[in-house]
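Observations on chain architecture
These are the residues of each chain, in order.
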Amino acid sequence: MMIKENLQKIKDTIPQNVTLVAVSKTKPIADIQEAYDAGQRVFGENKIQEMVSKYDALPKDIEWHMIGHLQRNKVKYMAHFVSLIHGVDSFKTLKEIDKQAKKHNRVINCLLQAKIAKEDSKFGLSFSEIETILASEELKEFKNIAIVGLMGMATFTHDKDQLTEEFSSLNDFQKKIQEKYPKLTTLSMGMSGDYPLAISLGSNMVRIGSSIFGVRNYIA
Ligand SMILES: *Cc1c(COP(=O)(O)O)cnc(C)c1O
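Residues numbered from 1 in each chain as written. Predicted model: local features only at pLDDT ≥ 70, side-chain atom pairs only at ≥ 80, totals over all residues. Heavy atoms only, no water.

1. Points about the overall build of the protein
Helix and strand counts for the protein come out as nine helices and eight strands. Taken over C-alpha atoms, the radius of gyration comes to 17 Å for the protein, in line with the 17 Å a tight globule of 220 residues would show. Across its three principal directions, the C-alpha atoms of the protein cover 50 × 45 × 30 Å. Burial status across the protein gives 52% buried among its 220 residues. Contacts spanning at least 24 positions in sequence make up 59% of the contacts within the protein whose residues lie at least 6 apart. Working note: accessible area of the protein is about 10800 Å², and carbon and sulfur atoms make up 52% of it. (Helix = DSSP H or I, 4+ residues; strand = E, 2+ residues; numbered from the N terminus. Rg over C-alpha atoms; globule rule 2.2 N^0.38 Å. Buried < 20%, exposed > 50% of the residue type's maximum accessible area, 1.4 Å probe, protein only. Contact = heavy atoms within 4.5 Å. Areas by Shrake-Rupley, 256 points an atom, 1.4 Å probe, with all protein chains shown as cover.)

Here you go:
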């Protein structure tokens, strides 16, 4: 395994203001421990149960990010420790996160997931749906969540023009809504195949799995 070397290579190429989320989904505890020993503290998982068992087994100063599509009925299992939820794509989910966070007397940071890919398979909100959520009166009642930014996943393609268009659209939208909602400072976009481009187009949080841990054995 080359986890330490892979991490270092990535850290050497990304600017200091960009947070590296090491996406450890499907990977064993030993791999995460190796990355941890190399100094990595932020990890991303896409299944709540898998994240909970890794949280239980690993050092408690790890920041766990949930990057996958959320099942509302499982939010309660991670509410005591999750540090950022990237994939929030409905008002109902925000409401559930607020309810569960309240039970633990915490404020859980959330990103709203925007649909920027042309593929139908990707989850996410349209820009106008995001504006509607942010403007809603009911949102003000949610004292136990903080919406700190936006997340997007580009189409799975090597077409640089298309990727550029998709990342730029989210960057432009974030800049626009930040005039009204200055707290939305995080822009989570970019994965192993496209993170340098995403950073050049405004990303300040990248979610990188296979370039750190190697290819996954199954699609997750
Ligand atoms: C798996 C996953 C990643 C990481 O993908 P890699 O191509 O392995 O870097 C990033 N974001 C999300 C939402 C993912 O599910």
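2. A few points about the packing of aromatic side chains
This structure, assessed with the given rule, holds four aromatic pairs. A ring pair is formed by Y55 and F81, whose centres lie 3.8 Å apart and whose planes are at 10 degrees; its orientation type is stacked. Placement of the pair is Y55 in helix α3 (residues 48-57) and F81 in the loop between α4 (75-78) and β4 (84-88), with a sequence separation of 26 residues. A single burial state applies to Y55 and to F81, both of which are buried. Between F127 and F173, the ring centres sit 4.2 Å apart and the planes meet at 5 degrees, which makes this aromatic pair stacked. You can see F127 sitting in helix α6 (residues 127-135) and its partner F173 sitting in helix α7 (residues 160-178), a full 46 residues away along the chain. Judged by relative accessible area, which is 25%, F127 ranks as partly exposed. Classification of F173 as buried rests on a relative accessible area of 4%. When the ring centre of Y36 is taken as reference, the NZ or CZ atom of R41 above it lies at 3.5 Å. A cation sits over an aromatic face here: K60 above Y55, 4.8 Å from the ring centre. (Phe/Tyr/Trp six-rings, centres within 6.5 Å; stacked < 30°, edge-to-face > 60°. Lys NZ or Arg CZ within 6 Å of the ring centre and 35° of its normal.)

3. A word on the UniProt feature "modified residue: N6-(pyridoxal phosphate)lysine" (unreviewed entry) in the protein
UniProt records the feature "modified residue: N6-(pyridoxal phosphate)lysine" (unreviewed entry) at K25, using the numbering of this structure. Under the relative-accessibility criterion, K25 is labelled buried at 12%. (UniProt positions renumbered as here; feature names shortened; annotations may be inferred.)

4. Focus on helix α5 (residues 91-103)
Look at α5: 19 Å from first C-alpha to last across 13 residues, which is about the 18 Å you get at 1.5 Å a residue. Looking only at α5, the buried set comprises T93, L94, E96, I97, D98, Q100 and A101. Where α5 is buried, its residues contact α4, β4, β5 (108-114), α6 and β6 (145-152). Count one or two residues on from α5 and you reach N105, which has phi positive near 55 degrees. (Expected span 1.5 Å × (residues − 1).)

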